Amino acid sequence: MADLLRIENLAKRFGGIVATDDLVLNIADGELHAVIGPNGAGKTTLIAQLSGQLTPDSGSIYFAGKDITAMPMYGRSALGLARSFQVTSLFLNLSVLDNVALAVQAHAGHSFHFWRNARREPELRDPARAALSRVGLSARADLPASALSHGEHRQLELAMALASKPRMLLLDEPMAGLGPEESARMVAMLRELKKELTILLVEHDMEAVFALADRITVLVYGRVIASGKPGDIRNNAQVRDAYLGEQEAAHG
Amino acid sequence: MIRAVNLRTVVGIALLVALILLPVYVEATGSRFLLTLFTRIVILAIAAVSLNFILGYGGMMSFGHAAYLGIGGYAVGILAFEGVSSGFVQWPVALLFSAFFALVTGALSLRTRGVYFIMITLAFAQMTYYIVAGLARYGGDDGLTIQKRSQFIAPINLSNKVQFYYICLALLCASIYLIWRIVNSRFGLALQGARSNDTRMRAIGFPTYRYKLTGFVIAGTLCGLAGALIANHTDFVSPAMMYWTRSGDLIIMVVLGGMGSTFGPLFGAVALLVLEEALSGITEYWQIILGPLLLLVVLFARGGIDGLLGKVRHG
Amino acid sequence: MTLFIEQCLNGLQFGLLLFLLAAGLTLVFGIMDLVNLAHGSLYMIGAYFAATFAAWTGSFVLGAILALAATLLVGMAVEVIAMRRLYGRDHLDHVLATFGLILFFDELVRLIWGAGGMSLPLPSWLNTSVRILPGFDYSAYKLSIIVVSLAVAAFLYFLVMRTRLGMLIRAGASNREMIGALGVNIKLLFTLVFGLGAALAGLAGLMQAPILTVQIGMGENILILAFVITVIGGIGSIRGAFLAAILVGLIDTLGRAYFTDLLRLLFSKETAATAAPALSSMLIYLLMAFVLVLRPEGLFPASNK
């Protein structure tokens, strides 16, 4: 299968800190690829560079064959690369439906329309409602986004990412702060989504990672120390020392 | 959001009706002064509507909005001075120059964020103040008297105070309606999204810069219209119209009335100017009261008048 | 040639005065993330206090010292009463609230001192000239402004770079949460920093009083320039404020002095005479626009927030 995302020798420093260190990673079309690693490993920095929020110091990123290394954020979304945020980043003062509808609007041509009431446009509202029902938030559609619980915020995040009909999703810790029930629901949803999209999943929740991932890459200090099938990673001694061992100890 | 008839809309419409009936009241009581005051209120309400658009809905805190009052006003004043008194020339020139100034300064200012944006808009407006104050031919610091108001075709006669008032009021109603439509359009939602979370907007695929710049130009142009109107109202223009503290007055109006609401700018303009009149009747030093009042509004009544009316509905 | 040197010195003096004002502004913004439009009011109060105290005591220097102390106290009082409630809030709130303070102070000053403004005459020992170069005398007072300002700049440098308080200031400028975690009394730190800013503004105000003005609204006029300098230099950066202030002072002074001549080379006398004052006022803003196009965070931004 062809690689949808190719990352070649990516590097990024912040002053004296090396956040991304000569990183090489390929994501195949259609797979769910998890990236794990201890805190400070540079996972969020990696996502930021993939989505265009940060510019790498050196190296290249290819998406669907195109070099997107220097492309601005809004351009990547148009190519089909969507991202969810680790820290909730929504339009809190707008309604839940408005939030998703904006994601739809972003891909429905330009927005230099000044007269028609956008909240009454079926081309915008219908796909938005569809995305909301996929993640199970239909009942909350008309509430202000600020009124939702944390778990529902994560669901809304996902709905917005879906609304832009992406080819690939960059998910930055979608399970963060979710209870066991909500986590299980999120895992089920991601398992469904897996069938239609390519997903890069950054996560700490090892259960979810091993349940969903086709392949796993382990990041430590901005560098890839192992990459392969979940079984191989689990048995990899280096990985165990660096990371999984901590995790097991922590989770008892 | 549920579209029910709520208190804010009722009060807003009631206020507009009261404004429509004002000249009748003035005829009956003979208080011509009220007509002058409310003409000024209506014109500044248009300016407040334009500022509310970019500030309340777009999140762009422009501290240089008074510049457009000056640009619009001086377009009328300078042309009148040079013998061109046709409104058909003056007003389009006022709008064009305002739009151009907004385009150029907006393009530069919108490259910055937060407090840098505030300061750079402030500085650009102050720049126009100095330019105009330096134009000796047009009165410099002392300002420029306008001998003849903008001429249109009969029966339109701006020197007729009642007629002028109704023209201004009509333009105000048109402005409120126009902005209301724009705010709820795709463009308006894009602007509101950018205000709420600009990074997220760009992440989902909006090139926010161009939308904000367009909004900025729309607001500047509308305020330029207000400038042309105020020049006609006072038959006089001076650099003081653009001094940066006047931009502060506009912001006060918008915040006092309630940012990001349809009738907020109207509430704010009425409230501030009526308050000014009332307070200056009590004491010469009324700003001593207004100053701390502003501080209190910021601390405790952030949603302004519109916010308070909204709270009443929800109990 | 001596005229040119004189203009350069004037530019330097003006720039240093602006630096005192901008330093306070940028400090308060960098540490407390507070946009204080009423900074110009403290500048005005410094001037008024100096004029009053000098008249009462009969001594210029004593009046100046008392004015400085009084402005410091007023600054700290304002911080405790009003500013404290604004920390952590939206910048728009700061702008509105401090704008309200401007209105308040302008009226308060008018109430106490009247609308007419005041004057602060120079004592005879300062009202002379000093021979800088053969054939070139320069105002002793302006020279002393330069000296005092440079001394204050050196003091600020020492304070920020070499003392514990300065370390807190620098740390605070780049990471506010961290200094809280260090167990520092944040409230006291903020009051002191604000007071320092107020004292600097007051010093600028009282120093310019004999040569420029003591009147209501003087703060608003110069605040704009202080803002422009803060923006050009980079918010939170004293070094940036210093360099930007000198630059602005020189450009403004030299611009006004020579712009007319420059224009006369290109255009007719009348055009030059009409356009020059307007255009030379624009120079500072053009500089700011130019800087912001190249570096939207200013020349020496204090941090990567």
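None of the values given here were measured: they were computed from a predicted structure. (Residues numbered from 1 in each chain as written. Chains lettered and ligands numbered in written order. Predicted model: local features only at pLDDT ≥ 70, side-chain atom pairs only at ≥ 80, totals over all residues.)

1. Quick look at the overall build of chain B
Here is step 1 of the chain: Helix and strand content of chain B: 13 helices and two strands.
Here is step 2 of the chain: The C-alpha atoms of chain B give a radius of gyration of 19 Å, which matches the 20 Å a tight globule of 315 residues would have.
Here is step 3 of the chain: Judged by the C-alpha coordinates and their principal axes, chain B covers about 55 × 45 × 40 Å.
Here is step 4 of the chain: Burial analysis of chain B (315 residues in total) assigns 57% to the buried set. (Helix = DSSP H or I, 4+ residues; strand = E, 2+ residues; numbered from the N terminus. Rg over C-alpha atoms; globule rule 2.2 N^0.38 Å. Buried ≥ 20, exposed ≤ 12 C-beta atoms within 10 Å, placed from the backbone.)

2. Observations regarding the overall build of chain C
Here is step 1 of the chain: Across its full length, chain C carries 11 helices and two strands.
Here is step 2 of the chain: What you see in chain C, going N to C, is helices and strands ordered as α-α-α-α-β-β-α-α-α-α-α-α-α.
Here is step 3 of the chain: In terms of overall dimensions, chain C has a C-alpha envelope of 60 × 50 × 35 Å along the principal axes.
Here is step 4 of the chain: For chain C, buried positions account for 49% of its 305 residues.
Here is step 5 of the chain: Across chain C, the fraction of contacts at a sequence separation of at least 24, relative to all contacts at a separation of at least 6, is 78%. (Contact = placed C-beta atoms within 7 Å.)

3. Notes on the environment of Glu277 of chain B
Residues and elements named next belong to chain B.
Here is step 1 of the chain: Inspection of the secondary structure puts Glu277 in helix H11 (residues 264–282).
Here is step 2 of the chain: Glu277 gets classed as partly exposed once you count the C-beta atoms within 10 Å, which come to 14.
Here is step 3 of the chain: Glu277 sits 240 residues away from Leu37 along the chain, and the two C-alpha atoms are 9.0 Å apart.

4. Thoughts on the pairing of strand S7 (residues 168–172) of chain A
Residue and element names in this part refer to chain A.
Here is step 1 of the chain: Burial analysis of S7 places five of its five residues in the buried class, the great majority of the element.
Here is step 2 of the chain: Along S7, one buried face is formed by Met168, Leu170 and Asp172 and the opposite face, lined by Leu169 and Leu171, is buried too.
Here is step 3 of the chain: In this sheet, S7 lies alongside strand S6 (residues 81–83) in parallel orientation, the contact comprising three bridges. Bridged to Leu81 within S7 is Met168.
Here is step 4 of the chain: Examined bridge by bridge, S7 and strand S8 (residues 198–202) share five bridges and lie parallel to one another. Bridge pairing links Asp172 to Val202 in S8. (Pairing = 2+ DSSP bridges.)

5. Observations regarding the interface of chain C and chain B
Here is step 1 of the chain: Across the boundary between the two partners, chain C contributes 36 residues, which contact 37 residues of chain B.
Here is step 2 of the chain: Among the elements of the structure, helix H4 (91–113), helix H9 (218–233) and helix H11 (269–294) of chain C are those that each provide at least two residues to the side of chain C that touches chain B.
Here is step 3 of the chain: Its residues assigned to classes, the side of chain C that touches chain B comprises 26 nonpolar, four polar and six charged. (Nonpolar A, V, L, I, M, F, W, Y, C, P; charged D, E, K, R; others polar.)

6. Notes on the interface of chain B and chain A
Here is step 1 of the chain: The partner chain A presents 29 residues to the 22 residues of chain B that form the contact.
Here is step 2 of the chain: Those elements that provide at least two residues to the side of chain B that touches chain A are helix H6 (161–183), helix H7 (186–196) and helix H8 (198–204) of chain B.

7. Some words on helix H10 (residues 244–257) of chain B
Residues and elements named next belong to chain B.
Here is step 1 of the chain: Taking 1.5 Å per residue, 14 residues should reach 20 Å; H10 reaches 20 Å between its end C-alpha atoms and fits that length.
Here is step 2 of the chain: Among the 14 residues in H10, 12 count as buried, and that is most of the element.
Here is step 3 of the chain: When H10 is considered as a whole, its buried residues turn out to be Trp244, Arg246, Ser247, Gly248, Leu250, Ile251, Ile252, Met253, Val254, Val255, Leu256 and Gly257.
Here is step 4 of the chain: The positive-phi residue at the C-terminal boundary of H10 is Gly258, with phi of around 115°. (Expected span 1.5 Å × (residues − 1).)

8. A few points about the arrangement of the chains
Here is step 1 of the chain: By contact count, the leading pair among the two pairs of chains in contact is chains B and C.
Here is step 2 of the chain: These two, chain A and chain C, are apart from each other, with no contact and a minimum C-alpha gap of 10 Å.

9. Structural notes on the sheet that holds strand S4 (residues 58–63) of chain A
Residue and element names in this part refer to chain A.
Here is step 1 of the chain: If you trace the four strands from one edge of the open sheet to the other, you get S2-S1-S4-S5, paired in antiparallel fashion. The outermost strands of the open sheet, each flanked by one partner alone, are strand S2 (17–28) and strand S5 (66–67).
Here is step 2 of the chain: Direction of pairing for S4 relative to S5: antiparallel, over a ladder of two bridges. Of the residues in S5, the one forming a bridge with Phe63 is Lys66.
Here is step 3 of the chain: Relative to the sheet, helix H1 (residues 43–51) contacts strand S1 (3–14), S2 and S4, its axis offset from that of S2 by approximately 65°. (Axes fitted to C-alpha atoms, helices over the stretch in contact; angles between N-to-C directions.)

10. Digging into unusual backbone geometry
Here is step 1 of the chain: In this chain, Ala154 of chain B is followed by Pro155 of chain B through a cis amide linkage whose omega measures 10°.
Here is step 2 of the chain: You can see Pro155 of chain B is positioned in the loop between strand S1 (144–145) and H6.
Here is step 3 of the chain: Despite not being glycine, Ala64 of chain A has its phi angle at roughly 50°, a positive value.
Here is step 4 of the chain: Of note, Ala64 of chain A is situated in the loop between S4 and S5.
Here is step 5 of the chain: Phi at Glu173 of chain A is positive, roughly 50°, even though this residue is not glycine.
Here is step 6 of the chain: Here Glu173 of chain A lies in the loop between S7 and helix H6 (180–194).
Here is step 7 of the chain: Note on Glu173 of chain A: 20 C-beta atoms within 10 Å, which makes it buried.

11. A look at H7 of chain B
Here is step 1 of the chain: Most of H7 of chain B is tucked away, with 10 of its 11 residues classed as buried.
Here is step 2 of the chain: When H7 of chain B is considered as a whole, its buried residues turn out to be Arg186, Phe187, Gly188, Leu189, Ala190, Leu191, Gln192, Gly193, Ala194 and Arg195 of chain B.
Here is step 3 of the chain: Looking at the buried positions of H7 of chain B, the neighbouring elements they touch are helix H3 (96–106) of chain A together with helix H2 (32–57), H6, H8 and helix H9 (208–234) of chain B.

12. Remarks on the packing of H3 of chain A against helix H5 (residues 150–163) of chain A
Residue and element names in this part refer to chain A.
Here is step 1 of the chain: The interhelical angle for the contact between H3 and H5, taken along N-to-C directions, is 25°, at an axis separation of 7 Å. Considering the angle they form, H3 stands roughly parallel to H5. The handedness of the crossing between H3 and H5 comes out as right-handed. Residues Val96, Asn99, Val100, Ala103 and Val104 of H3 form the contact with H5, whose participating residues are Leu156, Ala159, Met160 and Ala163. (Parallel < 35°, antiparallel > 145°, perpendicular 65-115°, else oblique. Left-handed = near helix turned anticlockwise from the far one by under 90°.)

13. Some remarks on the confidence of the model for chain B
Here is step 1 of the chain: Per-residue pLDDT for chain B has a mean of 89; in total, 97% of the residues score no lower than 70.
Here is step 2 of the chain: The secondary structure element of chain B with the lowest average pLDDT is helix H13 (residues 304–314) of chain B, at 74, and the one with the highest is H9 of chain B, at 96. (pLDDT = per-residue confidence, 0-100.)

14. Some remarks on the sheet that holds strand S10 (residues 223–228) of chain A
Residue and element names in this part refer to chain A.
Here is step 1 of the chain: Judged by pairing direction, the sheet is mixed, and its six strands sit side by side in the order S6-S7-S8-S3-S9-S10 without closing on themselves. With one partner strand each, in any of the chains shown, S6 and S10 form the two edges of the open sheet. Shown here is a sheet whose adjacent strand axes are inclined to one another by a mean of 15°, direction ignored.
Here is step 2 of the chain: Each of strand S3 (32–36), S6, S7, S8 and strand S9 (215–220) is contacted by H1, which is oriented at about 150° to S7, the strand it contacts most.

15. Section: the pairing of S4 of chain A
Residue and element names in this part refer to chain A.
Here is step 1 of the chain: Across five bridges, S1 lies against S4 in antiparallel orientation. Within S4, the residue paired with Ile7 across the bridge is Ile61.
Here is step 2 of the chain: Between S4 and S5, which pair antiparallel and follow one another directly, the connecting turn spans two residues, one of which, Ala64, has a positive phi of 50°.

16. Side note on the environment of Phe152 of chain B
Residues and elements named next belong to chain B.
Here is step 1 of the chain: With respect to the secondary-structure elements, Phe152 resides in the loop between S1 and H6.
Here is step 2 of the chain: For Phe152, a count of 15 C-beta atoms within 10 Å corresponds to the partly exposed category.
Here is step 3 of the chain: Placed 112 residues apart in sequence, Phe152 and Gly264 show a C-alpha to C-alpha distance of 32 Å.
Here is step 4 of the chain: Excluding its chain neighbours within four sequence positions, the residues that come into contact with Phe152 are Gly87 and Phe88.

17. A short note on the packing of helix H2 (residues 39–57) of chain C against H9 of chain C
All names here are of chain C.
Here is step 1 of the chain: The N-to-C vectors of H2 and H9 enclose an angle of 130°; their axes lie 8 Å apart at closest approach. Compared by their axis directions, H2 and H9 come out oblique. Crossing handedness for the pair H2 and H9: right-handed. Between H2 and H9, the contacting residues are His39, Gly40, Ser41, Tyr43, Met44 and Ala47 on the first element and Met218, Gly219, Glu220, Ile222, Leu223 and Ala226 on the second.

18. Some words on the confidence of the model for chain C
Here is step 1 of the chain: Model confidence for chain C is summarised by a mean pLDDT of 84, while 92% of its residues fall at 70 or above.
Here is step 2 of the chain: Across the assembled chains, the prediction reports ipTM 0.84 with pTM 0.85.

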